[in-house]
Amino acid sequence: AINRDWYAWGDGELGTLHRPLQPARSAQVSPPLAALLADAATLGARSGNRFSACTGNLSQTWGLHTLQQQPSPPVPDAIAVTTAQQHIDCQLHVDLAAEQIRVAKPGVVLDLGGIAKGAALRDAIAALLLFDVSRALIDVGGDLMAYGTDAAEPYTIGLRDPRADKPLAAITLQAGESVFSSGDYARFYEADGQRYQHIIDPRSGYPVETRAATVIHNDPVLADVAATALVVGGADEFSSVCDALGVTNALLIDRLGNMVNTKAMQQRLQPVT
């Protein structure tokens, strides 16, 4: 249901929302989608717009929304990228009381790819509270959250090397913690020797070159956004993005394969045996 309703190019709520949003620039939405878009707007601003829910036009221009059906879309020219950027609106306004959203520019396409899995994990935890479950590890496409009492034994998980089918390191995940990774693990294509991944920098309009970022946080929505924002910011903006989003456990692998860690994350990394 989440995949149907929050997918930007389907026939669910978000996909059909773009039709009235084009001419009117405002639309009614369901309470769950309004809450998620409000989170996206708030966290996007905190990230310095390194994460944005309004980059759907760029994803379309680069063909990144159809990678599963079309593995090698054509690389757009600079004019097409500039045109798509004109539809980015980082001033998304959400009125939770009225369940209404408003954008400042016509033609905006909302894309929740950098936040929806975090919301799905948060909803899964809320569902588990309705049942007598003492311990669980929830996996949404490789992003995880541990559920259980404070005394529950921690999980040991592997962090995948983005350029090799093997773990890069191991970490322990305590109850209540989520771990999110973003990068060019799977969703990318290559053209003329250049690798184009699915994460786009809203500021430039081009796919980023950072290989991956991983974040551990008790809030899975924030962890999802932070992992994306770190990939966009790269090594030069690693510390400032962590500070802006209140992240203490994070690592980044830059475009050359070098690793950057926060002090807290460095202490948690374990060698893979």
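Residues numbered from 1 in each chain as written. Predicted model: local features only at pLDDT ≥ 70, side-chain atom pairs only at ≥ 80, totals over all residues. Heavy atoms only, no water.

A.B. asks: Honestly, the sheet that holds strand E13 (residues 259–261) in this entry has me stumped. Any pointers?
C.D. replies: Two orientations exist for strands paired in a sheet by backbone hydrogen bonds: parallel and antiparallel. Within the open sheet, the 6 strands sit side by side as E4-E5-E8-E11-E12-E13. Their pairing is antiparallel. Only two strands of the sheet have a single neighbouring strand rather than two, namely strand E4 (135–140) and E13. Pairs of neighbouring strands in the sheet enclose a mean axial angle of 10 degrees, with direction left out of account. By the bridge criterion, 3 bridges tie strand E12 (residues 249–253) to E13 in an arrangement that is antiparallel. Of the residues in E13, the one forming a bridge with Leu251 is Asn261. Sheet contacts for helix H7 (residues 220–233): strand E5 (143–148), strand E8 (178–183), strand E11 (212–217) and E12; angle to E8, the most-contacted strand, approximately 25 degrees. (Pairing = 2+ DSSP bridges. Helix = DSSP H or I, 4+ residues; strand = E, 2+ residues; numbered from the N terminus. Axes fitted to C-alpha atoms, helices over the stretch in contact; angles between N-to-C directions. Contact = heavy atoms within 4.5 Å.)

A.B. asks: Before we go on, may I ask you to explain the nonpolar core in this structure?
C.D. replies: If you look at soluble globular proteins, the nonpolar side chains tend to sit buried side by side. In this structure, Leu110, Leu112 and Leu230 are the most contacted members of the largest nonpolar core, which totals 56 residues. Take this core: its biggest share by element is 10 residues, from H7. Residue contacts for Leu110: discarding those within four places in its chain leaves Ala8, Leu14, Leu17, His18, Leu21, Leu37, Ala53, Cys54, Leu92 and Ile101. Ranked by size, the runner-up nonpolar core spans 14 residues in total, among them Leu159, Val179, Ile253 and Leu269. (Core = buried A, V, L, I, M, F, W, Y, C linked by side-chain atoms within 4.5 Å. Buried < 20%, exposed > 50% of the residue type's maximum accessible area, 1.4 Å probe, protein only.)

A.B. asks: Even after reading the chapter, I still don't get the packing of aromatic side chains, so can you show me in this structure?
C.D. replies: The geometry of an aromatic ring pair is captured by the separation of the ring centres together with the interplanar angle, meaning the angle of the planes. On inspection of all chains with the given rule, the structure shows 2 aromatic pairs. Judged by centre distance (5.8 Å) and plane angle (70 degrees), the rings of Tyr7 and Trp9 are edge-to-face. Judged by its relative accessible area of 35%, Tyr7 falls in the partly exposed class. With a centroid separation of 5.3 Å and an interplanar angle of 70 degrees, the aromatic rings of Trp62 and Tyr206 are classed as edge-to-face. Highlighted residues: Trp62 in helix H4 (residues 56–62) and Tyr206 in the loop between strand E10 (194–197) and E11, separated in sequence by 144 residues. A relative accessible area of 35% places Tyr206 in the partly exposed class. (Phe/Tyr/Trp six-rings, centres within 6.5 Å; stacked < 30°, edge-to-face > 60°.)

A.B. asks: Would you mind showing me how to read the packing of H7 against helix H8 (residues 238–245) here?
C.D. replies: Geometry of a packed helix pair, given as the angle between the helix axes and the separation of the axes. Following both chains from N to C, one finds H7 and H8 inclined at 160 degrees, their axes separated by 10 Å at the closest point. Judged by the angle between their axes, H7 and H8 are roughly antiparallel. The interaxial crossing formed by H7 with H8 has right-handed handedness. Of H8, the residues touching H7 (which contributes Leu222, Ala226, Ala229 and Leu230) are Phe238, Val241, Cys242 and Leu245. (Parallel < 35°, antiparallel > 145°, perpendicular 65-115°, else oblique. Left-handed = near helix turned anticlockwise from the far one by under 90°.)

A.B. asks: How should I be thinking about the sheet that holds strand E2 (residues 93–95) in this particular structure?
C.D. replies: Strand order across the open sheet formed by 3 strands is E1-E3-E2, with antiparallel pairing between neighbours. With partners counted over all chains shown, the strands left at the sheet margins are strand E1 (26–28) and E2, one partner each. Each adjacent strand pair in this sheet contributes to an overall mean axis angle of 15 degrees, direction not counted. In this structure, E2 lies alongside strand E3 (residues 100–102), joined through 3 bridges in antiparallel fashion. Residue pairing across strands places His93 opposite Arg102, the latter belonging to E3.

A.B. asks: Quick question: what am I supposed to make of the side chain of Arg268 here?
C.D. replies: In this structure, Arg268 sits in helix H9 (residues 263–268). Among the polar contacts listed, one links the side chain of Arg268 to the side chain of Glu177, at a separation of 2.7 Å. Ignoring sequence-local partners within four residues, the contact set of Arg268 consists of Ala170, Ile171, Thr172, Leu173, Gln174, Glu177, Ile216 and Asn249. (Polar contact = N/O pair within 3.5 Å; in protein donor to acceptor, adjacent residues only side chain to side chain.)

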